[in-house]
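Coordinate analysis (summary)
Letter by letter, the chains look like this.
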Amino acid sequence: MNIPNILTLLRIVLVPFLVLIFYLPLEMRYTLCAGIFAVAAVTDWFDGYLARRWDQTTPFGAFFDPVADKIMVATALCLLVEEFRAVWMTIPAMIIIGREIVISALREWMAELGKRTSVAVNMIGKLKTAGQMMAITLLLFAPVPLESIIGYAGLALLYISSILTLWSMYVYLRAAWPDLTPFSKAEN
C-alpha cells in the first residue's frame with residue numbers, strides 16, 4: 001500500500017459520505033457535497049501523478065483507479081438526476097454513465113485479445129474527465145432550482161463533457177473496430 005493507492009481508496013471511501021451528506025437536512029449540504037466531490041477529483045489527478053512520478057504504479061492502482069472514478073462519478077450523477085428531476089440533467093448523465101459501461105467492456109474485451117493499448121486513455125478522455133469533474137462539482141454546489149451562474153456554468157460544462165464523452169467513445173470504438181468486426185479477420 002502506497003500513497004497513490006491510499007488516495008484511490010480515499011475516493012471510494014468518500015462515496016458513502018457524499019450520499020449521506022446529500023440526504024441530510026443540512027443547510028450547507030450542497031457546499032459540503034461539492035467539497036467532497038472536489039477532494040475526490042483532486043485525488044484522481046494526484047494519485048496518478050504521484051504513482052508515475054514516484055514510480056509506484058501497482059496492479060491494484062491500475063485496477064482500482066478507474067473503478068473509483070466511475071463509482072464516484074456515477075453516484076454523483078445519480079444524486080444530481082434525482083435532485084433536479086429534469087430531462088436536461090438525465091440525458092447527459094445517461095450518456096456519461098452509458099459510455100463508461102461501453103468503454104469498460106471494450107477495454108476488457110481488448111485486454112482478452114492482448115490489444116488493450118489500442119484503447120488506452122487519450123487526451124480527449126482526459127479533457128472529458130476534467131470537464132466532468134468540474135461540472136459535477138459546480139452542479140453539486142448549485143442549489144435547486146438552477147438559478148445561479150455557478151449552476152449554469154456546471155450545466156454547460158456537463159453538456160460539453162457529454163459531447164467529449166461521445167467523441168472519446170467514437171475514437172475508442174474506431175480504434176477497436178477491426179477487432180470487433182467479422183470481416184477484418186477474413187481480410188487478414
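Residues numbered from 1 in each chain as written. Predicted model: local features only at pLDDT ≥ 70, side-chain atom pairs only at ≥ 80, totals over all residues. Heavy atoms only, no water.

Thoughts on the packing of aromatic side chains
Stated formally: Whether two aromatic rings pair depends on their centres lying within 6.5 Å, for rings of Phe, Tyr and Trp, where Trp uses its six-membered ring; planes under 30 degrees apart make the pair stacked, over 60 edge-to-face, and the rest tilted. Put simply, DSSP H or I for four residues or longer makes a helix, DSSP E for two residues or longer makes a strand, and each gets a number counted from the N terminus. For every residue, the accessible area obtained with a 1.4 Å probe (protein chains only) is divided by the maximum for its type, and the residue is called buried under 20%, exposed over 50%, and partly exposed between those limits.
Scanning the entire structure with this criterion turns up seven aromatic pairs. Between the aromatic rings of W45 and Y49, the centroid separation amounts to 5.0 Å while the plane-to-plane angle is 10°, which identifies the pairing as stacked. Remark: Y49 and W45 occur in helix 2 (residues 29-53); sequence separation between them is four residues, near one turn of the helix. Residue class for W45 comes out exposed when judged on its relative accessible area of 53%. What makes Y49 partly exposed here is its relative accessible area of 30%. Judged by centre distance (4.9 Å) and plane angle (85°), the ring pair of F63 and F64 falls under edge-to-face. An aromatic cluster of three or more residues is present, and its members are W45, F46 and Y49.

Quick notes on the environment of R53
The topology assignment puts R53 in helix 2. C-alpha of R53 to C-alpha of G151: the two residues are 98 residues apart in sequence and 35 Å apart in space.

Remarks on the packing of helix 3 (residues 59-84) against helix 5 (residues 123-141)
Note the cut-off: Only the stretch in contact is used when a helix axis is fitted, and all axes are lines through C-alpha atoms; the angle between N-to-C directions ranges over 0 to 180 degrees. Oblique is the label for any angle not under 35 degrees, not over 145, and not in the 65 to 115 range, which are roughly parallel, roughly antiparallel and roughly perpendicular in turn. Handedness of a crossing follows from how the near helix is turned relative to the far one, being left-handed for an anticlockwise turn of less than a right angle and right-handed for a clockwise one. Contact definition: two residues touch when any of their heavy atoms are within 4.5 Å. All amino acids are sorted into three groups, where Ala, Val, Leu, Ile, Met, Phe, Trp, Tyr, Cys and Pro are nonpolar, Asp, Glu, Lys and Arg are charged, and the leftover types, Gly among them, are polar.
Here helix 3 crosses helix 5 at 40°, and the two axes come no closer than 11 Å. In terms of orientation, helix 3 lies oblique with respect to helix 5. In this structure, helix 3 crosses over helix 5, and the sense of that crossing is left-handed. Here V73, A76, L77, L80 and F84 of helix 3 come into contact with helix 5, specifically with Q132, M133, I136, L139 and L140. Tallied by class, the residues present in the contact of helix 3 with helix 5 amount to nine nonpolar, one polar and no charged.

A look at unusual backbone geometry
Residues other than glycine seldom take positive phi values, yet D55 does so here, at roughly 50°. Taking relative accessible area as the criterion, D55 reaches 67% and is therefore assigned exposed. Positive phi, normally seen in glycine, also occurs at R85, with a value near 45°. Along the chain, R85 turns up in the loop between helix 3 and helix 4 (87-112). On the accessibility criterion, R85 (68% relative accessible area) is exposed.

With respect to the side chain of R99
Here R99 is to be found in helix 4. The class of R99 is buried, set by a relative accessible area of 4%. Residues within four places of R99 in sequence aside, it is in contact with K128, T165, S168, M169 and Y172.

Points about the pattern of salt bridges
Two side chains that carry opposite charge are able to pair once their charged atoms sit near each other. As a reminder, the rule being used: Here a salt bridge means any side-chain nitrogen of Lys or Arg lying within 4 Å of a carboxyl oxygen belonging to Asp or Glu.
For the coordinates displayed, the defined rule picks out eight salt bridges. With a shortest N-O distance of 2.9 Å, E83 and R29 are connected by a salt bridge. Here the residue E83 occupies a position in helix 3, and R29 occupies one in helix 2, the gap between them amounting to 54 residues. Residues participating in the shared-partner salt-bridge network are R11, D44, D47, D65 and D69.

Examining a nonpolar patch on the surface
Applicable threshold: Residues form patches when they are more than 30% accessible in relative terms and have no salt bridge. Like charges link within 9 Å. Nonpolar side chains (Val, Leu, Ile, Met, Phe, Trp, Tyr) link within 5 Å. Reported accessibility uses the Shrake-Rupley method at a 1.4 Å probe radius. Residues are deemed covered only where the shown protein chains occlude them.
Residues L20, L24, L26, M28 and L32 make up a contiguous nonpolar surface patch of about 420 Å² in total accessible area. Examined against the element boundaries, L26 turns out to sit in the loop between helix 1 (3-23) and helix 2. For L26, a relative accessible area of 40% corresponds to the partly exposed category.

Looking at the confidence of the model for the protein chain
Quick note on the threshold: A residue's pLDDT is the predictor's confidence in that residue, given on a scale from 0 to 100.
A residue-level look at the protein chain finds 94% of positions with pLDDT of 70 or above and a mean pLDDT of 89. Per-element confidence in the protein chain is highest for helix 1, whose mean pLDDT is 95, and lowest for helix 7 (residues 182-187), whose mean pLDDT is 57.

Description of the nonpolar core
Which entries qualify depends on this criterion: Each nonpolar core is a collection of buried residues, namely Ala, Val, Leu, Ile, Met, Phe, Trp, Tyr and Cys, held together in the definition by side-chain atoms within 4.5 Å.
One finds L18, F37, M72, I136, L139 and L140 to be the most contacted residues of the largest nonpolar core, which totals 30 residues. Mapped onto this core, the elements with two or more residues apiece are helix 1, helix 2, helix 3, helix 4, helix 5 and helix 6 (149-180). Element by element, the count of residues in this core is highest for helix 3, at seven residues. Counting six residues, the second largest nonpolar core, distinct from the first, contains M110, M169, Y172 and A176.

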